[in-house]
Amino acid sequence: LFFFIPAITMRMLAEEKKTGTLELLLTKNVSDRQVVLGKFLAGMLFISIALAFTLIYPISISKIGNLDNGGTITGYLALILMSMAYTAIGLFASSITSNQIVAFMTALLIGLCFHIIFDVLAASFTGFIGQIFSLLSVTSHYESLSRGVIDSKDLIFFISITLLGLFLAELALAKRHVNG
């Protein structure tokens, strides 16, 4: 998902800007928020379908032996929440440029910060600073959920990242109207 989602989202708004179809879309009776949410939901539908194809593995394993259903369900919940956050990040990256390669690299860089760099920094620092980097790390929240523990701080983290990405994407579109 780390490379898959930026590849999906890189064209969502960047290509629309480049070809001029974004202006055509925004002349219709739709708000910036509706455009952003529509693109987000389309990306999440595509990712959900891709994740649905992986359900064959837990189903076949459950037929062979005992499977921890709680861990499997929360693991898929963690994948959906992480996908939502990365899709919103990718949508934001796509909204700030008209070049899809730049959008891909920007989304990958932001995702790299949340997925790897904050995790490494959390292990490098101790005390309050280490806790802050641990709280910003996608890995720590994903691992907590994938173990079968549904904690409100993990849900709030992923939903906050998602809402922040969507808000920034909407803000970038609104700024384009003012400047354009």
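Above this text you will find the structure in question.
The structure reproduced in this document is the subject of the present report. Each chain has its residues counted from 1, running along the sequence as written. Note on the predicted model: pLDDT of at least 70 is required for a residue's local features to be given, and 80 or more for side-chain atom pairs to be given and counted; whole-chain, interface and lining totals, by contrast, use all residues. Note: side-chain values were computed over all heavy atoms of the structure, leaving out hydrogens and water.

**With respect to helix 6 (residues 69-95)**
Its 27 residues place the ends of helix 6 39 Å apart at the C-alpha level, agreeing with the 39 Å of an ideal helix rising 1.5 Å per residue. Relative accessibility under 20% of the residue-type maximum defines a buried residue, over 50% an exposed one, and the middle range a partly exposed one, all with a 1.4 Å probe and only protein chains included. Labels follow the DSSP assignment, with helices taken as runs of H or I lasting at least four residues and strands as runs of E lasting at least two, numbered in each case from the N terminus. Within helix 6, 20 of the 27 residues are buried, which leaves the element mostly enclosed by the surrounding structure. For a helix, the expected span equals 1.5 Å multiplied by the number of residues minus one.

**Concerning the side chain of Asp 154**
Within the fold, Asp 154 resides in helix 10 (residues 152-179). Contacts are assigned to residue pairs with any non-hydrogen atoms lying within 4.5 Å of each other. Not counting residues up to four positions away in its chain, the partners in contact with Asp 154 are His 141, Ser 144, Leu 145 and Val 149.

**Considerations on the packing of helix 4 (residues 32-52) against helix 6**
Where helix 4 meets helix 6, the axes come as close as 10 Å, and the angle between the chain directions of the two elements is 140 degrees. As the angle between them shows, helix 4 and helix 6 are arranged oblique. With respect to the hand of their crossing, helix 4 and helix 6 are arranged in right-handed fashion. Contacts between helix 4 and helix 6 involve Val 36, Lys 39, Phe 40, Met 44, Ile 47, Ser 48 and Leu 51 from the former and Tyr 76, Leu 79, Ile 80, Ser 83, Met 84, Thr 87, Ala 88 and Leu 91 from the latter. Of the residues belonging to the contact of helix 4 with helix 6, the class tally is 11 nonpolar, three polar and one charged. Orientation is described by axes fitted as lines to C-alpha atoms, over the contacting stretch for helices, and by angles from 0 to 180 degrees between their N-to-C directions. Roughly parallel covers angles under 35 degrees, roughly antiparallel covers those over 145, roughly perpendicular covers 65 to 115, and oblique covers all other angles. What makes a crossing left-handed is the near helix being turned counterclockwise from the far one by less than a right angle; a clockwise turn instead makes it right-handed. Under the scheme applied, nonpolar residues are Ala, Val, Leu, Ile, Met, Phe, Trp, Tyr, Cys and Pro; charged residues are Asp, Glu, Lys and Arg; polar residues are all the others, including Gly.

**Quick look at the packing of aromatic side chains**
Only rings of Phe, Tyr and Trp enter the pairing, Trp through its six-membered ring, and a pair is recorded when the two centres are within 6.5 Å. The plane angle decides the type: under 30 degrees is stacked, over 60 is edge-to-face, the rest tilted. Per the stated rule, a full pass over the model turns up eight aromatic pairs. When the centroid spacing of 5.9 Å and the interplanar angle of 25 degrees are considered together, the rings of Phe 4 and Phe 46 count as stacked. Of the two residues, Phe 4 sits in helix 1 (residues 4-9) while Phe 46 sits in helix 4, which places them 42 residues apart along the sequence. An angle of 25 degrees between the planes, with centres 5.9 Å apart, marks the rings of Phe 118 and Phe 133 as stacked. Of the two residues, Phe 118 is situated in helix 7 (residues 100-124) and Phe 133 in helix 8 (residues 127-136); the sequence distance between them amounts to 15 residues. Residues Phe 118 and Phe 133 agree in their burial class; the two are buried. Here a set of aromatic residues connected by ring pairs shows up, and it is made of Phe 114, Phe 118, Phe 125, Phe 133, Phe 157 and Phe 158.

**Comments concerning the nonpolar core**
A general tendency of soluble globular proteins is for nonpolar side chains to be buried together. To form a nonpolar core, buried Ala, Val, Leu, Ile, Met, Phe, Trp, Tyr and Cys residues must be joined to one another through side-chain atoms within 4.5 Å. In this structure, Tyr 86, Leu 91, Phe 114, Val 138 and Phe 158 are the most contacted members of the largest nonpolar core, which totals 41 residues. Listed by contribution, the elements that provide at least two residues to this core are helix 1, helix 3 (21-27), helix 4, helix 6, helix 7, helix 9 (138-146) and helix 10. Top element by residues in this core is helix 6. It accounts for 11 residues. If we ignore the near neighbours within four places in the chain, the residues touching Leu 91 are Thr 9, Met 12, Leu 13, Val 36, Lys 39, Phe 40, Leu 166 and Ala 169.

**Thoughts on the environment of Ile 110**
Relative to the assigned elements, Ile 110 resides in helix 7. Judged by its relative accessible area of 23%, Ile 110 falls in the partly exposed class. Put simply, Ile 110 and Leu 37 are 73 residues apart on the chain and 20 Å apart in space, counted from C-alpha to C-alpha.

**Describing the environment of Ser 31**
Note that Ser 31 resides in the loop between helix 3 and helix 4. The partly exposed category is assigned to Ser 31, whose relative accessible area is 33%. Separated by 97 residues in sequence, Ser 31 and Phe 128 have C-alpha atoms that sit 42 Å apart.

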